[in-house]
Amino acid sequence: MKNGKQLFKLLLTLFLIWFIGHAIYITIDGLYDDGKNADIAVILGNKVNEDGTLSERLEKRLECGLNLYQKHRIKKIIVSGGLGKEGFYEGDKMRDFLMAKKVPDTAIIVDNLGNNTRATVMNTMKLKDSLHFKSLIVVSQYYHVTRTKMLFKKQGFEDVTSVSPDYFEIKDAYSILREFVGYYTQ
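It should be emphasised that the depicted structure is a prediction, and the values quoted were computed from it without experimental measurement.

This brings us to the overall build of the chain. In terms of helices and strands, the chain carries seven helices and five strands. The order of α-helices and β-strands along the chain, N terminus first, is α-β-α-β-α-β-α-α-β-α-β-α. Across its three principal axes, the chain shows a C-alpha extent of roughly 65 × 35 × 25 Å. Counting across all 186 residues of the chain, residues that qualify as buried make up 48%.

Here we take up unusual backbone geometry. Apart from glycine, the bulk of residues carry a negative phi angle, and the bulk of peptide bonds sit in the trans form. One non-glycine residue, Lys102, lies in the positive phi region at around 75 degrees. Assignment of secondary structure puts Lys102 in the loop between α3 (90–100) and β3 (108–111). Overall, the relative accessible area of 73% leaves Lys102 in the exposed class. With a phi close to 55 degrees, His132 is a non-glycine residue in the positive phi region.

Turning our attention to the environment of Ile78. Structurally, Ile78 can be placed in strand β2 (residues 76–80). With residues near it in sequence (within four places) discarded, Ile78 still touches Ile40, Ala41, Val42, Ile43, Ile109, Thr124, Leu127 and Leu131.

The next point concerns the pattern of salt bridges. In this structure the tally under the stated criterion is nine salt bridges. A salt bridge links Asp39 to Lys75; the nearest nitrogen and oxygen atoms lie 3.3 Å apart. Taken together, the residues Asp39 in the loop between α1 (2–31) and β1 (40–44) and Lys75 in the loop between α2 (56–70) and β2 connect sequence positions 36 residues apart. According to the relative accessible area criterion, Asp39 is buried, its value standing at 18%.

Further remarks concern the pairing of β3. Where β2 and β3 come together, four bridges link them in parallel fashion. Residue pairing in the sheet places Ile77 in a bridge with Ile108 of β3. Once you follow β2 into α3 and on to β3, the crossover reads as right-handed.

Bringing the sheet that holds β2 into the picture now. In space, the five strands of this open sheet follow the order β3-β2-β1-β4-β5, with parallel pairing throughout. Both outer strands of the open sheet, β3 and β5 (160–163), are each paired with one neighbouring strand and no more. On average, adjacent strands in this sheet sit at an angle of 25 degrees to one another, irrespective of strand direction. The strands that α2 touches are β1, β2, β4 (136–139) and β5; relative to β1, the one it contacts most, it runs at about 175 degrees.

This part covers the nonpolar core. Counting 23 residues, the largest nonpolar core has Leu62, Ile74, Ile77, Val79, Leu98 and Val103 as the members making the most contacts within it. Residue assignment for this core shows that the elements contributing at least two residues are β1, α2, β2, α3 and β4. Sorting elements by how many residues they give to this core places α2 first, with six residues. Counting residues in each nonpolar core, the second largest holds 16 residues, with Ile40, Leu136, Val138 and Phe157 among its members.

What follows deals with a nonpolar patch on the surface. Taken together, Phe8, Leu12, Phe15, Leu16, Trp18, Ile20, Ile24, Ile28 and Tyr184 make up a surface patch of nonpolar side chains, about 920 Å² in accessible area. At eight residues, α1 tops the list of elements feeding residues into the nonpolar patch. Relative to the helices and strands, Ile24 is located in helix α1. For Ile24, a relative accessible area of 48% corresponds to the partly exposed category.

Thresholds applied
- Positions within a chain are numbered from 1, following the residues in the order the chain's sequence is written.
- In view of the model being predicted, local features appear only for residues whose pLDDT reaches at least 70, and side-chain atom pairs are presented and counted only at 80 or more, with totals across whole chains, interfaces and linings using the full set of residues.
- Derived side-chain values reflect all non-hydrogen atoms in the structure, with water molecules and hydrogen atoms excluded from consideration.
- Secondary structure is summarised from DSSP: a helix means a run of H or I of at least four residues, a strand means a run of E of at least two, and numbering begins at the N terminus for each.
- Exposure classes here rest on a 1.4 Å probe applied to the protein chains alone. A residue is buried below 20% of its type maximum, exposed above 50%, and partly exposed in between.
- Contact between two residues is taken to exist if any of their heavy atoms lie within 4.5 Å; hydrogens are not considered.
- Salt bridge, as applied in this entry: a Lys or Arg side-chain nitrogen positioned within 4 Å of an Asp or Glu carboxyl oxygen.
- The criterion for strand pairing is that DSSP finds at least two bridges linking the strands in question.
- If the strands point away from the viewer and the path from the first strand over the helix to the second runs clockwise, then the crossover is right-handed.
- Under this scheme, a helix contributes an axis fitted over its contacting stretch, all axes are lines through C-alpha atoms, and angles between N-to-C directions fall in the 0 to 180 degree range.
- Put simply, buried Ala, Val, Leu, Ile, Met, Phe, Trp, Tyr and Cys residues joined by side-chain atoms within 4.5 Å make one nonpolar core.
- Residues forming no salt bridge and having over 30% relative accessible area are the ones grouped into patches, like charges within 9 Å of each other and nonpolar side chains (Val, Leu, Ile, Met, Phe, Trp, Tyr) within 5 Å.
- Residue burial considers only the protein chains on display, and all accessible areas are found by Shrake-Rupley using a 1.4 Å probe.

These results come straight from atomic positions and should not be treated as a statement about function.
Here's what the structure looks like:
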């Protein structure tokens, strides 16, 4: 019985080291902005409130993407999200926000079928030939960008970087755990 407890403690310790190392890596990777320009930005959707307003998290993502556009680091923006349980298409609401900030409609591509990260990546890759992009910047929360970039690379798209907003909340702890699981199950 003693050997079983020791093995369990060893495995638990190794798992915790792996998890903590992964959490540190995705945090550093997610907060790092290399300052590069790209052809497009892909802003991943998030909750639209029941009254049709954007959640603060989504608004911060859009402000981050808007900043990239205003600084001429990108030429076009893909906004990707699905139909939320609140009854709004995230992509449409994201486009409306950007247009209200003077981004022309011609610079915004709406993906209302980006119901999850994998769908956003697949939908973006389908646009690659028609939009002629060779580089992109992922815009999402810091804990989410490492997995998103990994999914693009799995599709053979290598020139992908990321930017995340300076927006943090208590929920991030849960999100880091979710991203840990998601990274290894994609």
